[in-house]
Amino acid sequence: MKSDYVLLFSIALAHIVVSYAVNRLSYRTLSSFRLHMAPSRRETRFYEKVLHIKAWKDYIPSVGPFDKKDMKGDDAAYISMFILETVRAEVAHVLCIFVTLLLLLYHKQPYCAFIPAFYLAINIPCILIQRYNRPRLERVLKIHGSRLVIPEEDGTSFGRRLLTLRRR
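Residues numbered from 1 in each chain as written. Predicted model: local features only at pLDDT ≥ 70, side-chain atom pairs only at ≥ 80, totals over all residues. Heavy atoms only, no water.

1. Re the overall build of the protein chain
A tally of helices and strands in the protein chain yields 7 helices and 0 strands. Traced from its N-terminal end to its C-terminal end, the protein chain shows the element sequence α-α-α-α-α-α-α. In the protein chain, of all internal contacts separated by at least 6 residues, the share reaching a separation of at least 24 is 83%. Total accessible area on the protein chain is roughly 10,700 Å²; 63% of this is exposed by carbon and sulfur atoms. (Helix = DSSP H or I, 4+ residues; strand = E, 2+ residues; numbered from the N terminus. Contact = heavy atoms within 4.5 Å. Areas by Shrake-Rupley, 256 points an atom, 1.4 Å probe, with all protein chains shown as cover.)

2. Some details on the packing of helix H2 (residues 27–36) against helix H5 (residues 76–107)
Two elements in contact, H2 and H5, have axes whose closest approach is 9 Å; the angle formed by their N-to-C orientations is 75°. In terms of axis orientation, H2 runs roughly perpendicular to H5. Facing H2, whose interface residues are Tyr27, Leu30, Ser31, Phe33 and Arg34, H5 presents Met81, Ile83, Leu84, Glu85, Val87, Arg88 and Val91. When its residues are assigned to classes, the contact of H2 with H5 shows 8 nonpolar, 1 polar and 3 charged. (Axes fitted to C-alpha atoms, helices over the stretch in contact; angles between N-to-C directions. Parallel < 35°, antiparallel > 145°, perpendicular 65-115°, else oblique. Nonpolar A, V, L, I, M, F, W, Y, C, P; charged D, E, K, R; others polar.)

3. Some points on the packing of aromatic side chains
This model, assessed by the stated rule, comprises 3 aromatic pairs. Judged by centre distance (6.2 Å) and plane angle (85°), the rings of Tyr78 and Phe82 are edge-to-face. Here Phe82 and Tyr78 lie together in helix H5, a separation of 4 residues that amounts to about one turn. Neither Tyr78 nor Phe82 differs from the other in exposure class; each is buried. Between Phe118 and Tyr119, the ring centres sit 5.4 Å apart and the planes meet at 85°, which makes this aromatic pair edge-to-face. In this arrangement the basic side chain of Arg88 is found over the ring face of Tyr27, its NZ or CZ atom lying 5.4 Å from the centre. (Phe/Tyr/Trp six-rings, centres within 6.5 Å; stacked < 30°, edge-to-face > 60°. Buried < 20%, exposed > 50% of the residue type's maximum accessible area, 1.4 Å probe, protein only. Lys NZ or Arg CZ within 6 Å of the ring centre and 35° of its normal.)

4. Considering the packing of H5 against helix H6 (residues 114–143)
At a minimum axis separation of 9 Å, H5 and H6 run at an interaxial angle of 160°. In terms of axis orientation, H5 runs roughly antiparallel to H6. Here H5 and H6 pass one another in a crossing that is left-handed. Here the contact of H5 with H6 is composed, by residue class, of 20 nonpolar, 6 polar and 4 charged. (Left-handed = near helix turned anticlockwise from the far one by under 90°.)

5. Observations concerning unusual backbone geometry
A positive phi angle is found at His52, which is not glycine, with a value near 50°. Its place among the elements puts His52 in the loop between helix H3 (41–49) and helix H4 (53–56). Judged by its relative accessible area of 47%, His52 is partly exposed.

6. Topic: the pattern of salt bridges
The tally for this structure, following the rule as stated, stands at 6 salt bridges. Lys57 is the salt-bridge partner of Asp58, the closest N and O atoms lying 3.6 Å from each other. Note that Glu90 and Arg134 form a salt bridge whose closest N and O atoms lie 2.4 Å from each other. You can see Glu90 sitting in helix H5 and its partner Arg134 sitting in helix H6, a full 44 residues away along the chain. Here the salt bridges share partners, and the residues they tie into one network are Glu43, Glu90, Arg131 and Arg134. (Salt bridge = Lys/Arg side-chain N within 4 Å of Asp/Glu carboxyl O.)

7. Quick look at a nonpolar patch on the surface
On the surface, Phe9, Leu13, Ile16 and Val17 cluster together into a nonpolar patch covering about 410 Å² of accessible area. Along the chain, Leu13 turns up in helix H1 (residues 2–23). (Patch = residues over 30% accessible without salt bridge, like charges linked within 9 Å, V, L, I, M, F, W, Y side chains within 5 Å.)

8. Points about the environment of Leu128
Residue position: Leu128 is located in helix H6. Leu128 sits in the buried class, given a relative accessible area of 17%. C-alpha of Leu128 to C-alpha of Lys57: the two residues are 71 residues apart in sequence and 8.9 Å apart in space. The contacts of Leu128, once residues within four sequence positions are left out, are Tyr47, Leu51, Ile53 and Trp56.

Quick look at the structure:
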């Protein structure tokens, strides 16, 4: 029983640490990740034709300041920041899955087979949505004749940077 609580606490703490670490990544770092994480056209067609992502993606709750239903602007800076935040979200979800699996290997509880299924069910749809939306946002930039704008790091928190961006 005690080890059950230790496992749950470990998973919760790991998610907090992963979230904190990923939120500390610079936009320049996220931009370089973006180049390596770009989904192919074939992959996005798979999401549409096989997974029918358009039918269910809006039912997944959106967490954070960027919501595809309520875009706050269409200028290059805002769209670029949105794109970079999709990279941040994807990295966070992938790392959360990875860390959870490592913790489950370490704890070896009898019910550990159910926890990975639960975490995959929660995180995989979010990863797919980020990978599906990013090329669409990049096309919006291209239509506007813009390129990705990497925001300058000014040492402020993400929330203050977002408030500054919203005021523009």
